[in-house]
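Residue-level listing of the chains:
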Amino acid sequence: MDVVELHRRASEEFVRQVASVRPAQWGDPTPCSEWTVRDLVNHVVGEERWTVPLLAGRTIEDVGDSLDGDLLGDDPASAASHAARAAQNAVTEPVLRGATVHLSYGEEQAAEYVYQLAADHLVHSWDLAVAIGAPVHLDPQVVDGISTWFKEREDLYHGGGAIGARLEGYSDPTSTLLGAFGRDPAWTPAHATVERLSAAFARGDVDAIMYEMTPDCVFESTSPAPDGTRVVGGKAVREQWEQLFDQTNDAVFETEETVVLGDRAVVRWRFSWNEADGQRGHVRGVDVLRLRDGKVCEKLSYVKG
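Small disclaimer: the values here were computed from a predicted structure and weren't measured.

Remarks on empty space enclosed by the protein
If a probe as big as a water molecule is rolled over the atoms, it shows which places are left empty. A complete count under the given rule lists one cavity of 30 Å³ or more for this structure. Roughly 120 Å³ of internal volume is contained in the largest cavity. Around the largest cavity, the lining residues are Leu197, Ser198, Phe201, Ala202, Phe253, Glu254, Thr255, Val267, Trp269, Asp287, Leu289 and Lys299. Sorting the residues of the lining of the largest cavity by element identifies helix H9 (189-203), strand E5 (252-261), strand E6 (264-274) and strand E7 (280-292) as the ones contributing at least two each. Residue contributions to the lining of the largest cavity peak at four residues, all from H9. Residue composition of the lining of the largest cavity, grouped by class: seven nonpolar, two polar and three charged.

Okay, here's the thing in structure tokens:
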């Protein structure tokens, strides 16, 4: 399949997914941890809006900041559809002519640029589908075409920090490609909740921690041995975290590994602090979490030793 057709099919699938977003879902998390659903769609629409002037020979400096900010307006589905159609119409002639485009890293062949766009549409179609709970329909021929193209470029993507570390262990073509792009094919919105909770602990941000927990949450601490202390309810749990961060010098939580399975999660962590003598102390442990309606309702903590 030629790159023009790859791009058309990938962009049309993205538009189809955008049309499935419900009004209440625009602020929901996505596998791209810094982006909500609206952020993700705005990013792809931005790429499509850039496609037309760049393939017409304009430079990044020519376009300037005219495509910055929100491009979705009050009707994101229409914005995505119109932008995709314009980009599709702009692709064919420059690719057939062997034109070059001016990108942030220098001049590039138009065909190579369109491959990049097709890959981005394909992966972000999956991001959007799993974020909104829609069926995933990635065209096997598009997956095959992008996989073949990406094999020789994966190191460049990783080296430039454009994608996360490759995830291994998948046998089917779609999951293998998603893993190559740093995606966990098993991702759900629960992953985003657990990631935000871990980030809040890393910052010592008690308000953010409690935002990710239910009002009736349960916490079991690591002490005293052998069973720890069981604390019930948001107010009481908040007091535990406030006491921990207030009374511990330079407390730092670092996440070492996270596994999410349905409404359960296990987070392996390292907690360190400054001792009275100035030395750095630490313990390592795990949290066993249970989630309900997108929030953590139970956090059971255990430490080594």
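So that's the structure; there's more coming.
Considerations on the layout of surface pockets
Of the pockets and cavities examined, the largest pocket occupies roughly 1,500 Å³. Put simply, the parts of the chain that give the lining of the largest pocket at least two residues each are helix H2 (37-55), helix H5 (110-132), helix H7 (154-159), H9 and E5. For the lining of the largest pocket, the leading source of residues is H5, giving eight residues. Among the residues making up the lining of the largest pocket, the classes are represented as 25 nonpolar, 13 polar and eight charged. Considering only enclosed or pocket space, the second largest pocket measures out at about 370 Å³ in volume. In terms of lining, the second largest pocket is formed by 18 residues, of which the most central are Phe219, Ser221, Thr222, Trp241 and Leu244. Sorting the residues of the lining of the second largest pocket by element identifies helix H11 (234-247), E6, E7 and strand E8 (295-303) as the ones contributing at least two each.

A short note on the environment of Leu6
By secondary structure assignment, the location of Leu6 is in helix H1 (residues 3-18). You can call Leu6 buried: its relative accessible area is 1%. Note: C-alpha distance between Leu6 and His121 (115 residues apart in sequence) is 10.0 Å. Every residue in contact with Leu6, bar those within four places of it in the chain, is listed here: Met1, Tyr115, Ala118, Gln141, Val142, Gly145 and Ile146.

About the criteria used
Residues numbered from 1 in each chain as written. Predicted model: local features only at pLDDT ≥ 70, side-chain atom pairs only at ≥ 80, totals over all residues. Heavy atoms only, no water. 1 Å grid on protein atoms, 1.4 Å probe; cavity = no way out; pocket = protein on both sides within 12 Å on 5 of 7 lines; lining within 4 Å. Points joined across faces, edges and corners; volume = space filled by probe spheres on them. Helix = DSSP H or I, 4+ residues; strand = E, 2+ residues; numbered from the N terminus. Nonpolar A, V, L, I, M, F, W, Y, C, P; charged D, E, K, R; others polar. Buried < 20%, exposed > 50% of the residue type's maximum accessible area, 1.4 Å probe, protein only. Contact = heavy atoms within 4.5 Å.

Taken by themselves, the reported measurements are silent on function.
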